[in-house]
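Listed below, chain by chain, are the residues.
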Amino acid sequence: MFYKICGIKNIDTLSCCIENKVDFFGMIFYEKSPRYINLEQAEKLLNYSQHKNIDPVGVFFNENIDIVKNIVKKLNLKIVQFHGNEDNNYLNKIKSYSEVKIIKSISVGEKEDLKKIDDYQSNDYFLLDYKPKKNELPGGNSKQFDWELLLGINFNKPWFISGGINIDNINKIKNYSNPDGIDLSSGVEESPGIKKIDMINSLFNKYYEK
């Protein structure tokens, strides 16, 4: 099992992730998100994470492909996540430009949404998340989708489960499926975009006990 915490904005939180053996940290380049960071902030996080056992992930939402390419090049990113309506053609263009690994999110509200997985071949991971309503953010809404939808479902690529995962429900995931990774964000925040170190520590201490 690997772990990712998305929406990291400062070194204190990143250090806490490293101490808790988190495998990936997400940096969100979507300006409407309360978790948004700019290139200068991202560079500081990347510099701090060098030679440590954690990998940075650049997270984008329906972004112009040239902007994505520029950020990937400037920050020398090895992993990117697309959290919008990007299609397989879009992912192919990214792959043709660089050797990045791609995480593609799938918004899940009903069983039918899981069929979207068949539309993608160019990504390396899937991330299944709560399907936002019209006026909600594309991620980090503190809401989970119905995990019962995952019963009996098999995936042809490694995948993360995401959406409203917190200290109270993280140990229930195994009752419905066996994801390769768990993605956290709002479940370790005291308010939108503000990660709380105590919440991260408490969650992992409880999870590792099981």
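Residues numbered from 1 in each chain as written. Predicted model: local features only at pLDDT ≥ 70, side-chain atom pairs only at ≥ 80, totals over all residues. Heavy atoms only, no water.

Draft legend 1. Quick look at the overall build of the protein chain. Assigned secondary structure in the protein chain consists of five helices and 10 strands. A compact globule built from 210 residues would reach a C-alpha radius of gyration of about 17 Å, and the protein chain, at 16 Å, matches this within 12%. Overall size of the protein chain, expressed as C-alpha extent along the three principal axes, is 40 × 40 × 35 Å. Split into buried and exposed, the 210 residues of the protein chain put 50% on the buried side. At a minimum sequence separation of 6, the contacts of the protein chain that also span at least 24 residues come to 54%. Carbon together with sulfur atoms contributes 44% to the accessible area of the protein chain, which is approximately 10600 Å² in total. Each charge sign in the protein chain was given a centre, from 29 positive and 29 negative side chains, and these centres are 1 Å apart. (Helix = DSSP H or I, 4+ residues; strand = E, 2+ residues; numbered from the N terminus. Rg over C-alpha atoms; globule rule 2.2 N^0.38 Å. Buried < 20%, exposed > 50% of the residue type's maximum accessible area, 1.4 Å probe, protein only. Contact = heavy atoms within 4.5 Å. Areas by Shrake-Rupley, 256 points an atom, 1.4 Å probe, with all protein chains shown as cover. Lys, Arg positive; Asp, Glu negative; His and termini not counted. Charge placed at Lys NZ, Arg CZ, Asp CG, Glu CD.)

Draft legend 2. Layout of the pairing of strand E3 (residues 55-60). The buried fraction of E3 is high, at five of six residues. With five bridges connecting them, strand E2 (residues 24-28) and E3 associate as parallel partners. Bridged to Phe-24 within E3 is Asp-55. Traced from E2 through helix H2 (residues 39-49) to E3, the parallel crossover comes out right-handed. Here E3 runs beside strand E4 (residues 79-82); their pairing, made up of three bridges, is parallel. Paired with Gly-58 across the strands is Val-80, a residue of E4. Each parallel crossover has a hand, and the one from E3 via helix H3 (residues 65-75) to E4 is right-handed. (Pairing = 2+ DSSP bridges. Right-handed = clockwise from strand over helix to strand, strands pointing away.)

Draft legend 3. View of the side chain of Asn-20. By secondary structure assignment, the location of Asn-20 is in the loop between helix H1 (11-19) and E2. A relative accessible area of 7% places Asn-20 in the buried class. A polar contact of 2.9 Å, which involves the side chain of Asn-20, links it to the backbone oxygen of Cys-16. (Polar contact = N/O pair within 3.5 Å; in protein donor to acceptor, adjacent residues only side chain to side chain.)

Draft legend 4. Geometry of the packing of H2 against H3. H3 packs onto H2 with a crossing angle of 35° between their chain directions and a minimal axis gap of 11 Å. In this structure, the crossing between H2 and H3 has a hand that is right-handed. The residues of H3 that touch H2, namely those facing Leu-39, Ala-42, Glu-43 and Leu-46, are Ile-71, Lys-74 and Leu-75. The class makeup of the residues in the contact of H2 with H3 is five nonpolar, no polar and two charged. (Axes fitted to C-alpha atoms, helices over the stretch in contact; angles between N-to-C directions. Left-handed = near helix turned anticlockwise from the far one by under 90°. Nonpolar A, V, L, I, M, F, W, Y, C, P; charged D, E, K, R; others polar.)

Draft legend 5. A look at the sheet that holds strand E1 (residues 2-6). Read once around its circumference, the closed barrel built from eight strands follows the order E1-E2-E3-E4-E5-E6-E7-E8, with strand pairing classed as parallel. Shown here is a sheet whose adjacent strand axes are inclined to one another by a mean of 25°, direction ignored. The sheet contacts of helix H4 (residues 88-97) involve E4 and strand E5 (101-108), and relative to E5 the element is tilted by about 165°.

Draft legend 6. Representation of the packing of aromatic side chains in the model. Going through the model one piece at a time under the given rule, you end up with 13 aromatic pairs. Residues Phe-2 and Phe-24 carry aromatic rings whose centres are separated by 5.7 Å and whose planes lie at 85° to one another, so their mutual orientation is edge-to-face. Placement of the pair is Phe-2 in strand E1 and Phe-24 in strand E2, with a sequence separation of 22 residues. Judged by relative accessible area, which is 8%, Phe-24 ranks as buried. Three or more aromatic residues joined by ring pairs form one cluster here, namely Phe-2, Phe-24, Tyr-125 and Phe-160. Sitting above the plane of the Tyr-48 ring, Lys-52 keeps its charged end 4.4 Å from the centroid. (Phe/Tyr/Trp six-rings, centres within 6.5 Å; stacked < 30°, edge-to-face > 60°. Lys NZ or Arg CZ within 6 Å of the ring centre and 35° of its normal.)

Draft legend 7. Quick peek at the nonpolar core. Residues Ile-5, Met-27, Phe-82, Leu-128 and Ile-161 are the most contacted members of the largest nonpolar core, which totals 52 residues. Other than its neighbours up to four places away in sequence, Leu-128 contacts Ile-106, Val-108, Leu-114, Ile-117, Phe-145, Leu-150, Phe-155, Trp-159, Phe-160, Ile-161 and Ser-162. Cys-6, Ile-28, Val-59 and Phe-160 belong to the second-largest nonpolar core, a separate cluster that totals 11 residues. (Core = buried A, V, L, I, M, F, W, Y, C linked by side-chain atoms within 4.5 Å.)

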